[in-house]
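# Reading the structure
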Amino acid sequence: MLIKKAPDLSESEVTPKALFVKRREFIAAAGVTAAAVATNGLGLFGGNEEVAAQNPDAQKLPNLVKGPFGTDEKMNSYKDVTTYNNFYEFGTRKEDPAAYAHTLRPRPWSVVVEGQCGKPGTYNIEDIMKWAPIEERIYRMRCVEAWSMVIPWAGYPMSKFLERFQPTSRAKYVEFRTLVDTKQMPGQTEPALPWPYHEGLRMDEAMHPLTLLGLGLYGEVLPNQNGAPLRLVVPWKYGFKSIKSIVRVSFTETEPVNTWKKMQSAEYGFYANVNPQVDHPRWSQGSERRLGEFFRRKTLMFNGYGDRVASLYAGMDLRRNY
Amino acid sequence: MRNEGLGTRDQLNSTQWRRRVFKPVVWLLCLAPLAYLIYSLSLDLGANPIETVTNFTGIWTLRFIMVTLAVTPLRWLTGINQLVNYRRLVGLFAFFYAALHFIVYIVTTFFIEGFSNFDAPGLVADLTTRPYIIAGFTAFVLMVPLALTSTTGWIRRLGGKNWNLLHRLIYITAMAAVLHYYWKVSVKLVPVNPRNYGILVAILLGWRLWRSVARRRASEA
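To keep things clear, this report deals only with the structure shown in the data block. Please read all numbers here as calculations on a predicted model, not as lab measurements.

### Some thoughts on the side chain of K94 of chain A
- Relative to the elements of secondary structure, K94 of chain A occurs in the loop between α4 (78-83) and α5 (96-100).
- We classify K94 of chain A as buried; its relative accessible area is 12%.
- Setting aside chain neighbours within four positions, we find K94 of chain A in contact with T83, Y84, N85, N86, E145 and W147 of chain A together with E51 of chain B.

### Quick notes on helix α9 (residues 192-220) of chain B
Residue and element names in this part refer to chain B.
- Spanning 29 residues, α9 covers 41 Å between terminal C-alpha atoms, matching the ideal 42 Å at 1.5 Å per step.
- For α9, every residue scored as buried is listed here: P194, Y197, V201, L204, L205 and R208.
- As for α9, its buried residues are in contact with α2 (49-78) and α8 (169-185).

### What about the packing of aromatic side chains?
- Counted by the stated rule, this structure contains 39 aromatic pairs over all chains.
- Ring centres of Y123 of chain A and F165 of chain A lie 4.9 Å apart, and the angle between their planes is 55°; on these two criteria the pair is classed as tilted. In this pair, Y123 of chain A is assigned in strand β3 (residues 121-124) and F165 of chain A in the loop between α7 (158-163) and β6 (173-178), connecting sequence segments 42 residues apart. Of the two residues, Y123 of chain A and F165 of chain A, neither departs from the other in class, the shared state being buried.
- Of the aromatic side chains, those joined through ring pairs into one cluster are F294 and F295 of chain A together with F95, F102, Y105, F110, F111, F115, F118, F137 and F140 of chain B.

### Remarks on helix α1 (residues 14-41) of chain B
All names here are of chain B.
- Along its 28 residues, α1 runs 39 Å from first to last C-alpha, staying within 8% of the 40 Å computed at 1.5 Å per residue.
- Most pronounced at A32, the bend in α1 amounts to some 40°, and the proline P33 follows within four residues.
- Of the positions making up α1, those classed as buried are Q16, R20, V26, C30, P33, L34, L37 and S40.
- At its buried positions, α1 is contacted by α2 and α3 (87-110).

### As for the pattern of salt bridges
All names here are of chain A.
- The final tally for this structure, using the stated rule, is 19 salt bridges over all chains.
- Between D96 and R93 there is a salt bridge whose closest N-O contact spans 2.9 Å.
- Under the relative-accessibility criterion, D96 is labelled buried at 5%.
- According to the relative accessible area criterion, R93 is partly exposed, its value standing at 46%.
- Linking R107 and E126 is a salt bridge whose minimum nitrogen-to-oxygen distance equals 3.6 Å. Placement of R107 in the loop between α5 and β2 (110-115) and of E126 in helix α6 (residues 125-128) is noted, with a sequence separation of 19 residues between them.
- For R107, a relative accessible area of 33% corresponds to the partly exposed category.
- A single salt-bridge network, built from bridges that share partners, covers E73, R140, R142, E288, R290, E293 and R297.

### Things to note about the pairing of strand β5 (residues 147-157) of chain A
All names here are of chain A.
- Of all the 11 residues making up β5, 11 are buried; the element is thus mostly covered by neighbouring parts of the structure.
- As judged from the eight bridges shared by strand β4 (residues 135-142) and β5, these two strands associate in the antiparallel manner. Opposite E135, over in β5, you have G155 as the bridge partner.
- Connecting β4 to the next strand, β5, in antiparallel fashion are four residues, including A146 with a positive phi near 75°.
- One ladder, built from two bridges, connects β5 with strand β12 (residues 287-290); its direction is parallel. By the bridge assignment, W147 is partnered in β12 with R289.
- In the sheet, β5 pairs with strand β8 (residues 212-217) via five bridges, with the strands oriented antiparallel. In the sheet register, Y156 faces β8, and the bridge partner there is L213.

### Concerning the packing of α3 of chain B against helix α4 (residues 120-129) of chain B
Residues and elements named next belong to chain B.
- One way to put it is that α3 packs onto α4 with a least axis distance of 10 Å and a crossing angle of 130°. Judged by the inter-axis angle, α3 sits oblique to α4. As for how α3 packs across α4, the hand of that crossing is right-handed. Residues Y105, I106 and F110 of α3 pack against G122, L123 and D126 of α4.
- Here the contact of α3 with α4 is composed, by residue class, of four nonpolar, one polar and one charged.

### Some points on the sheet that holds β6 of chain A
All names here are of chain A.
- The strand order across the open sheet built from five strands is β3-β2-β11-β6-β7, with neighbouring strands paired in mixed fashion. Whereas interior strands pair on both sides, the edge strands pair on one side only; in this sheet they are β3 and β7 (198-202). Ignoring strand direction, the axes of neighbouring strands in this sheet form an average angle of 20°.

### Re the nonpolar core
Residues and elements named next belong to chain A.
- Among the nonpolar cores identified, the biggest contains 87 residues, and F161, L230, V249 and F251 are the most heavily contacted of them.
- Of the residues forming this core, the biggest block, seven residues, is contributed by β5.
- Once residues within four sequence positions are removed from consideration, F161 is found in contact with I128, W131, Y156, L213, L230 and V249.

### Quick notes on the packing of α2 of chain B against α3 of chain B
Residue and element names in this part refer to chain B.
- Two numbers describe how α2 lies on α3: the axes approach to 8 Å, and their chain directions differ by 155°. When the interaxial angle is binned, α2 and α3 end up roughly antiparallel. Seen from above, α2 lies across α3 with left-handed handedness.
- Of the residues assigned to the contact of α2 with α3, the class counts are 14 nonpolar, nine polar and one charged.

### Digging into the interface of chain A and chain B
- The interface is formed by 33 residues belonging to chain A together with 30 residues belonging to chain B.
- Summing the contributions of chain A and of chain B, the shared interface buries around 2600 Å²; its carbon and sulfur component is 57%.
- Taken together, the connections running from chain A to chain B amount to one salt bridge.
- For the salt bridge of D279 of chain A with R130 of chain B, the shortest nitrogen-to-oxygen distance reads 2.9 Å.
- Elements with a minimum of two residues in the side of chain A that touches chain B: α3 (32-40), α4, α9 (259-263), β12 and β13 (297-298) of chain A.

How each quantity is defined
- Residues numbered from 1 in each chain as written.
- Chains lettered and ligands numbered in written order.
- Predicted model: local features only at pLDDT ≥ 70, side-chain atom pairs only at ≥ 80, totals over all residues.
- Heavy atoms only, no water.
- Helix = DSSP H or I, 4+ residues; strand = E, 2+ residues; numbered from the N terminus.
- Buried < 20%, exposed > 50% of the residue type's maximum accessible area, 1.4 Å probe, protein only.
- Contact = heavy atoms within 4.5 Å.
- Expected span 1.5 Å × (residues − 1).
- Phe/Tyr/Trp six-rings, centres within 6.5 Å; stacked < 30°, edge-to-face > 60°.
- Bend = angle between axes of the 7 residues up to and from the residue.
- Salt bridge = Lys/Arg side-chain N within 4 Å of Asp/Glu carboxyl O.
- Pairing = 2+ DSSP bridges.
- Axes fitted to C-alpha atoms, helices over the stretch in contact; angles between N-to-C directions.
- Parallel < 35°, antiparallel > 145°, perpendicular 65-115°, else oblique.
- Left-handed = near helix turned anticlockwise from the far one by under 90°.
- Nonpolar A, V, L, I, M, F, W, Y, C, P; charged D, E, K, R; others polar.
- Core = buried A, V, L, I, M, F, W, Y, C linked by side-chain atoms within 4.5 Å.
- Buried area = accessible area lost by both parts, 1.4 Å probe.

Next up, the structure:
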């Protein structure tokens, strides 16, 4: 008999927190190295187990509710999601953020809101976290480097966040900025990118129901290396659009210049929609490696979210607006 | 052949030292990265094991090319001409790691969702339009004739002069391999590792150029 997993099963339902905390304590006690060998030994392309958490006292998000738009695809492990990151503020290698992001202090944290809106000001993270029920949403994440993961995010719709500030009719775009602080983000002592990292969305993209204000993953507050304490999650765009550790939100009339477009405009554009038909100059975007799988899989238009977002780009030449 | 058996009390002559001691040591050193790779397959290779294996075989190819190129300058420096006896072995291992790197790239990039679905247009597009792939593929392809003509028989057939000329292809391979690495990592940032390999290749090749120019001048004078 084929037993199919319910499509939008919450990870907190799959594994009760109490149980995986116990398991983690056990694993931690057994020693991190031993745990890595035991859980991953020979299981090169199989493991989806809960592996010892980076942050053993990670705070669980209370009252997590099941959100819409789930996927029944196999999720990447907590370890995959938290040890393979592009977050140049902590170094340019994938393993750097996990190793060095402990210097980031996600509390206290505040976000400055400015530009074309009725309620500019400074808002602190404790309040922001209470503005809407926090949902779990299992999304595909496709990096421009042609790898992908499936991640159980926690957060609430970006629209509920942005509406608080009452954007005016002149607000056509929203720009986000990451913290700049070489003490907290030692990678910023290197000119790897022009700091601060900044990203932007068109207002209708930002207000789209799929667009998430990310506050956690795997039912816990965001680990530092994943962009604590708050980040953007736009699942139909390449990962670099989903800016981390946001400190500033600006409503603008004109299209903001995002960091990677500024760096290499031939390779990265403003829209950065996942699009298998438009190749990156250095590699094909037609296929991707889902972490944990041996063979590549075909990349889906808009990362498989086309039925919900394609209408945002009706009439646009996506070859030019890459 | 009187002294073939180990444990003889006779002193080993230089040929025997080479055969019984140095050659096996060089073999073991050349196999060490492969042994480490196989060993680490049983450990944790991180979230993206294929990338780890690809990078590992790529970087060791580059290192073996560097060692191969360093043999001649080392002879000049130290006067130990016997070093040339190990150059072929190191060069063949460079080819071996390059072949592993190439196979991993082909298999894990162009078979989509299984061995029955090969993305030939994707491969053609990669080989014709992507500079870093073109550089890497050039480096690899130019190593093939070098590996094939590495035997003593081929040296005899081609004649030392022609053989030496042919094997200068390794200079192009070395430059293309560094470009491949550099373009893979970035087109704009100047990453430290590709830059350092670039400097090393510039020294190893520049040295040869400088010497040949100096010699020509000396013979003209």
